[in-house]
Structure formats: C-alpha cells, structure tokens
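Chain residues, written in single-letter form:
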Amino acid sequence: MEDASVWAKRDADVVWHGFTQMSSFTESSPIMVESATGHELIDVDGKHYLDAISSLWVNTLGHRVPELDQAIREQLDRGAHSTMLGNSNRIVTECAEALAAVVPVDDPHFLFASDGASAVEQALKIAFQYWTNQGISGHTKFLAFGGAYHGDTIGALSVGDGGFGTNIFDPLRFPVLRAPQLSDPACFDTAIAMIEEHHDSLAAVIIEPLVQGAAGMQMAGAEEFARLGVAARAHDVLLICDEVATGFGRTGTLFASQQCALTPDLLVLGKGLTAGYIAQSVTVASGRVFDAFLGPDLSEKTLYHGHSYSGNALACAVAKRHLELIESKNVLANVKARSEQLRGALENKIAPLPQVAEFRLCGLMGGVELASPDPSERWGRRVCAAAVARGVLLRPLGDVVVIMPPLTITDTEIERIVTTLAAAIDDANL
Ligand SMILES: *Cc1c(COP(=O)(O)O)cnc(C)c1O
C-alpha cells in the first residue's frame, strides 16, 4: 500500500472533514499533504499537485513565501497572541493602520475575528445594534440575494440561501427578505424595489460584490451593484459587502467594491487577508457606524461581542506584510494579465467542448459549468478527480469546476491548468 492510503485511513479514524461524507472519504483518493511550496502541494508519497483552487480560495501568493514566513518568525519572537478585549498589541494596531489606508470604507474601524462566517456574524449584529443604539426601532431585517453564501454559522446561514445540504437547518434560520438570483436579469430592479418598500424594517442589505463564489461563480455587472448601493444609501439602509472571497486582489482590484463604486457601511474580509497562512477575518465598520456605539462605560451602547483569538498577533504580522507584497510584487497587474490569458484559453480549449455549458470568469475567480444531464451523474466530481490524477488540484461546486489559482500564478501554469482540465473532461468519459 502507498503511504497516502495508509495516512488516509489513519486520518479517517480521527478527523472529521468539513463538507465531506466521511464514509467515502478514503475511497475518493484524498490528497494527504506533507508539505507545500510555491504553487504546489506535495503529498506523503512525494507527488506534486498544482494548487489550482488556492487551498479553497485562501492562498494568494503561494506557499512558503519567504517574506511572509519571515514576518511570522519575527512576530513569534515577540509573542504569538495577546487579548484584544480592552487591551491591544502593537502589531494589531499597525496591521489595522495598513488596512485602513486601502479599504473602501470611510473612516474605517477594524473588529478582528477568526473566520469569514464569524466576521459576517459580527457585521449582522453590528448592523442590528446600530439602529437600536440610536433609539430607532423596527430595523430588524436583512435583505440578501438568491444564491448568496456567507458562511456556516447560524446567522451567516440565515442570510445565505440554502443549498449544500443546509436546508435541514431551515428551522434555525431567521427570516430574510430574499432578492432573486443573479442569473435573473431583473434581480437588481427587484432588490431595489424591495429596499424602497421595506426600508423602514431593514437593518441592512448584504451582498457579495461582483461574484457570488459559492453559488458557482455567479456574476453581475459592476454598474448593477453600484445602483443597488445608491438605493441603499438613498433609503438609509446599511450596506454590508461580504468580500471574504473577492477581497485582496481576486477580481483584479484590491477589493471588488471599488469596481462597483461602493463604499459599504460594513465590509467583511477573510480568506486572503492573511495570504492563506492563518485563520483570521475582520469586520470593517465605517466611522458613522462605529460612532453609534460610543457612550458611557458599561452602557448598553457597547458592542458586547468579541472572540478569544480576535486580533491574533501572528495573523496580523502576516496580513500586514501581505499587503506590502501585493504592492511591491505588482500582484494586481499579474491578476489582470493572467485573467485575460485564462479567458482566451478557456474560450479556445474548453468552451467548444460538448460537455461544457459555459464558463464565467472575473479576475482569477473562474467557474466552468459542465452541461451535465443530471447532478446525480456527478460530472463535477468526476472531472476534478481526473484532474487531480493528472497533478492539478481542482474541486467542483456541483457541476461547476472552480478555477481559483493563486494570484501569482504564471502563464505556463495557466496553460497547464486549462490543458489538464480539457484532458480531464476527456478522461472522465462523460
Ligand atoms: C468562504 C466565504 C465565507 C465564509 O468564510 P469561512 O472562513 O469559511 O467561515 C463567507 N462569505 C463568502 C463570500 C465566502 O466565500
């Protein structure tokens, strides 16, 4: 037996994997990573895999980036973590200052958390309390889009639109005003009409600007999101932009909100924040929102919320260095050039295939939708398994094959991803 299958068995005896049916875990040839370097993962048998999903969208500049490793080592010598509840840590202040200079939020204030979902929860609670703190009652609802995904905790699930087997939790979800899916050409008109009708009862509108990632890379035009932002502002409804997936250069600008001319009241960041190194997220509140929480000590205006590992020093050290590297390595220019190259390659080699319905791409967030006759045929799984066998790690969302390479991906690697995908579609015997 190869080491990988031995390790998979040991793993399955003790580890429970997210979004994974554990009874078939070992049969689906999971990659057992031993180490990672650059854009590759290396398994316990020494096999190399190109990480074409950026370790589930978190990785930005590759693995073992010398400058990022160094930033963590230096911080480690100063201490790994100290609490942010009522106290602070120099590196956290510096990280927030660096972020403040680049986020599309007016007079930004940063409440750190650990995962995207927990930062979404913070945004929802802040939006809710924003109104009660001002003695304005009735603003208790949220408007969200069809197909939305905001994370797996109960509040984040509530603003999310189900699917992924989460319907079982429907009784726990709080009710939400639901605009149509982005695939409906009238969805923004409908959403704006809903804001006009319900603004008195809305705490906030929550959106994923430009791209709904987990919905299978569903996209809409920047001007549509801009219109929505204008309507929210005009009717005094808070705007929450969930940029957990789109943040830090994914769509070709540092934040997708910038392309949509949006200045959200609350901005949620996660995934790429620490370049894929350490679990950390942050809820960014505008000065207007932040000020609504100021009052006497111990008063009800305080935000009684905070996570134990909020503002982790190692995570902040790597996040701060990451921002500097995005600039000095000219990462956004690479995203734009590689995105154009990827678009051309998908048009030439993938779109004409009879097994492919269409592809969608924004920056380096891509999805190839297979023309599957029935989800039970599991085309997405079969194509990705064939790609993995050929040394390129891909993972589907249903019948959409996600292409989400690191932002520093090279032109030869883009070629390799597309050539491998074409071969994998062939291998899968669809
Ligand atoms: C991944 C994701 C989340 C949840 O982040 P976690 O770190 O997995 O909790 C929330 N919103 C969006 C848009 C995401 O892509």
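Scroll up to find the structure this text is about.
Conventions we followed
Residues numbered from 1 in each chain as written. Predicted model: local features only at pLDDT ≥ 70, side-chain atom pairs only at ≥ 80, totals over all residues. Heavy atoms only, no water. Pairing = 2+ DSSP bridges. Helix = DSSP H or I, 4+ residues; strand = E, 2+ residues; numbered from the N terminus. Right-handed = clockwise from strand over helix to strand, strands pointing away. Near = heavy atom within 4 Å. Polar contact = N/O pair within 3.5 Å; in protein donor to acceptor, adjacent residues only side chain to side chain. Areas by Shrake-Rupley, 256 points an atom, 1.4 Å probe, with all protein chains shown as cover. Nonpolar A, V, L, I, M, F, W, Y, C, P; charged D, E, K, R; others polar. 1 Å grid on protein atoms, 1.4 Å probe; cavity = no way out; pocket = protein on both sides within 12 Å on 5 of 7 lines; lining within 4 Å. Points joined across faces, edges and corners; volume = space filled by probe spheres on them. Phe/Tyr/Trp six-rings, centres within 6.5 Å; stacked < 30°, edge-to-face > 60°. Buried < 20%, exposed > 50% of the residue type's maximum accessible area, 1.4 Å probe, protein only. Lys NZ or Arg CZ within 6 Å of the ring centre and 35° of its normal.

**Student:** Quick rundown of the pairing of strand β6 (residues 177-181)? Include the residues and the values.
**Tutor:** With 4 bridges joining them, strand β5 (residues 141-146) and β6 adopt parallel strand pairing. In the strand pairing of β6, A144 is matched with R178. On the question of chirality, the crossover connecting β5 to the parallel β6 by way of helix α6 (residues 154-159) is right-handed.

**Student:** I'd like to hear about the pairing of strand β2 (residues 40-43), residue by residue, with values.
**Tutor:** Note: strand β1 (residues 33-37) against β2, 4 bridges, orientation antiparallel. Across the sheet, the residue bridging to T37 is E40, located in β2. Joining the antiparallel neighbours β1 and β2 is a turn of 2 residues, in which G38 adopts a positive phi near 55°. By the bridge criterion, 3 bridges tie β2 to strand β3 (residues 48-51) in an arrangement that is antiparallel. Paired with E40 across the bridge in β3 is L50. Between β2 and β3, which pair antiparallel one after the other, the connecting turn spans 4 residues, and G46 there sits at a positive phi close to 85°.

**Student:** How would you summarise the site of the ligand if you had to cite specific residues and measurements?
**Tutor:** Taken together, W57, D115, G116, A117, Y149, H150, G151, E208, D242, V244, A245 and K271 make up all the residues around the ligand. In the environment of the ligand, an oxygen atom lies 2.8 Å from a nitrogen or oxygen atom belonging to the backbone of G116. K271 has a polar side-chain atom sitting 2.6 Å from an oxygen atom of the ligand. In isolation the ligand has 380 Å² of accessible area, and contact with the protein removes 83% of it. For the shell around the ligand, the residue count by class is 5 nonpolar, 3 polar and 4 charged.

**Student:** Just give me the short version of the layout of surface pockets, but keep the residues and values in it.
**Tutor:** Quantified by volume, the second largest pocket comes out at close to 670 Å³. Lining of the second largest pocket is provided by 25 residues; of these, H109, F110, L111, F290 and L303 occupy positions nearest its centre. Of all the secondary structure elements, the ones that give two or more residues to the lining of the second largest pocket are α4 (90-100), β4 (109-113), β12 (281-285) and α10 (287-291). Per-element accounting of the lining of the second largest pocket gives the leading share, 4 residues, to β4.

**Student:** Residue-level account of the packing of aromatic side chains, with values.
**Tutor:** If you walk through the whole model with that rule in mind, you get 5 aromatic pairs. A ring pair is formed by Y130 and W131, whose centres lie 5.0 Å apart and whose planes are at 85°; its orientation type is edge-to-face. This pair shows no difference in class: Y130 is buried, exactly as W131 is. Look at F188 and F225: their rings are 4.9 Å apart centre to centre, the planes differ by 80°, and that puts the pair in the edge-to-face class. Highlighted residues: F188 in helix α7 (residues 187-198) and F225 in helix α8 (residues 222-234), separated in sequence by 37 residues. Both residues of the pair, F188 and F225, count as buried. Its end group placed over the ring of W7, R10 keeps NZ or CZ at 4.1 Å from the ring centre.

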